[in-house]
Amino acid sequence: MFEAPDSPGTSPFLPAARRLRGLVFDLDGTLIDSVEDLRAALNRLLAGRGRPPLERSAVQAMVGDGARKLVERALTAAHGAAPDVATLDPALTAFLADYEAAAAVHTRAYPGVREVLTRLRGAGLKLAICTNKPYAASVAVLDALQLSDAFDAVIGGDSTPARKPDPQPLQAALDALGLPPGGAVMIGDGPHDALAAAAAGTGFIGVTYGYGTAGFAALTPAPITIDRFADLPARLGLTGG
Ligand SMILES: O=C(O)COP(=O)(O)O
Ligand SMILES: [Mg+2]
């Protein structure tokens with residue numbers, strides 16, 4: 001008998017608005033459009049190695065598994081073979097130093113992000129970030145965009161031993177907020193975010209304007225999604241101004 005291949009499971013669960021106590025946000029592709037600065041830093045790295053620049057679409061498809069994977073994927077694309085550790089380690093160090101110093105030249109918060117975060121906090125919700133971007137780089141971007149103060153906690157890709165889709169960093173974010181998973185919703189642009197949420201036991205809302213949306217198609221059941229950040233409060237069942 002034919003059997004469909006296993007697909008990773010997610011949950012359509014969202015807590016009722018009255019039980020909702022906090023939100024945990026992915027960063028790249030969810031709160032900020034960061035790919036142009038990632039691309040610029042990668043292309044400076046590649047130029048130093050005599051390699052041609054990468055297109056935006058190529059870099060966008062490389063984002064989501066943290067900086068080490070990003071650099072590994074870029075070097076693999078540029079050289080036609082995966083780098084060894086002796087090549088990757090110094091390339092990653094150089095990339096991060098360069099990126100952290102110029103992380104918000106082109107990077108911007110998506111429309112509605114500031115206003116909605118202010119409103120959500122005003123409604124008494126705790127807010128955290130759970131990103132696969134390294135912690136120092138995450139804080140560098142948030143500081144440059146004057147968004148750091150909007151959050152009660154930031155968990156980066158190197159803040160815990162495992163990264164999303166492992167639930168560990170999301171659990172760390174919940175611990176930092178002092179929240180049980182049943183009172184929280186994760187918001188993200190990719191399947192890693194949905195899978196971490198399902199494993200941690202939080203609700204999940206996907207955004208469709210980011211980098212990883214295509215990966216939602218493999219999830220069963222399909223996640224609840226929003227097309228604009230400004231639609232988030234209504235999707236959470238929060239009413240009023
Ligand atoms: O740095 C990355 O690879 C992606 O980070 P994200 O988890 O904020 O999407
Ligand atoms: Mg993302």
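This is a predicted model, so every value here is computed, not measured.

Engineer: Sorry, what's going on with the coordination of the magnesium ion (ligand 2) here?
Structural biologist: Where a metal carries four tetrahedral donors, each ideal angle is 109.5 degrees; where it carries six octahedral donors, the ideal angles are 90 or 180 degrees. Protein coordination at the magnesium ion (ligand 2) comes from D26 (OD), D28 (O) and D189 (OD), with a distance range of 2.2 Å. Between the donor residues of the magnesium ion (ligand 2), the gaps in sequence give the motif D-x1-D-x160-D. Of this pair, D26 sits in the loop between β1 (22-25) and β2 (32-33) while D189 sits in the loop between β6 (184-188) and α8 (191-200), and the two are 163 residues apart along the sequence. For the pair D26 and D189, one class covers both residues: buried.

Engineer: Explain unusual backbone geometry to me, please; I cannot follow it from the model alone.
Structural biologist: Working note: non-glycine residues mostly have negative phi, and peptide bonds are mostly trans. Note that the residue after K164, namely P165, is joined by a cis bond; omega there is 20°. By secondary structure assignment, the location of P165 is in the loop between β5 (153-155) and α7 (168-177). With an omega of -10°, the peptide bond running from T220 to P221 counts as cis. The topology assignment puts P221 in the loop between β7 (203-207) and β8 (225-226). Positioned with a positive phi, Q146 is a non-glycine residue whose angle comes to about 55°. Mapping Q146 onto the fold places it in the loop between α6 (135-144) and β5. A relative accessible area of 70% means that Q146 is categorised as exposed.

Engineer: Just to check I follow, could you spell out the UniProt feature "binding site: Mg(2+)" (unreviewed entry) in the protein chain for this structure?
Structural biologist: With numbering aligned to this structure, UniProt lists the feature "binding site: Mg(2+)" (unreviewed entry) at D26, D28 and D189. Taking the farthest pair of C-alpha atoms as the criterion, the annotated set spanning 164 residues converges on one region, since that pair is 8.1 Å apart. Restricting the annotated residues to those that line the largest pocket leaves D26, D28 and D189. Discounting chain neighbours no more than four positions away, the residues touching D26 are L31, C130, T131, K164, M186, I187, G188, D189 and D193. Polar contacts involving the side chain of D26 include one to the side chain of T30, which spans 2.8 Å. If we skip the residues at most four places from it in the chain, D189 touches D26, D28, G29, T30, V207, G210, Y211, G212, T213 and F216.

Reading the values: the criteria
- Residues numbered from 1 in each chain as written.
- Chains lettered and ligands numbered in written order.
- Predicted model: local features only at pLDDT ≥ 70, side-chain atom pairs only at ≥ 80, totals over all residues.
- Heavy atoms only, no water.
- Donors = N, O, S within 2.8 Å, 3.2 Å for Na, K, Ca; no water.
- Helix = DSSP H or I, 4+ residues; strand = E, 2+ residues; numbered from the N terminus.
- Buried < 20%, exposed > 50% of the residue type's maximum accessible area, 1.4 Å probe, protein only.
- UniProt positions renumbered as here; feature names shortened; annotations may be inferred.
- 1 Å grid on protein atoms, 1.4 Å probe; cavity = no way out; pocket = protein on both sides within 12 Å on 5 of 7 lines; lining within 4 Å.
- Contact = heavy atoms within 4.5 Å.
- Polar contact = N/O pair within 3.5 Å; in protein donor to acceptor, adjacent residues only side chain to side chain.

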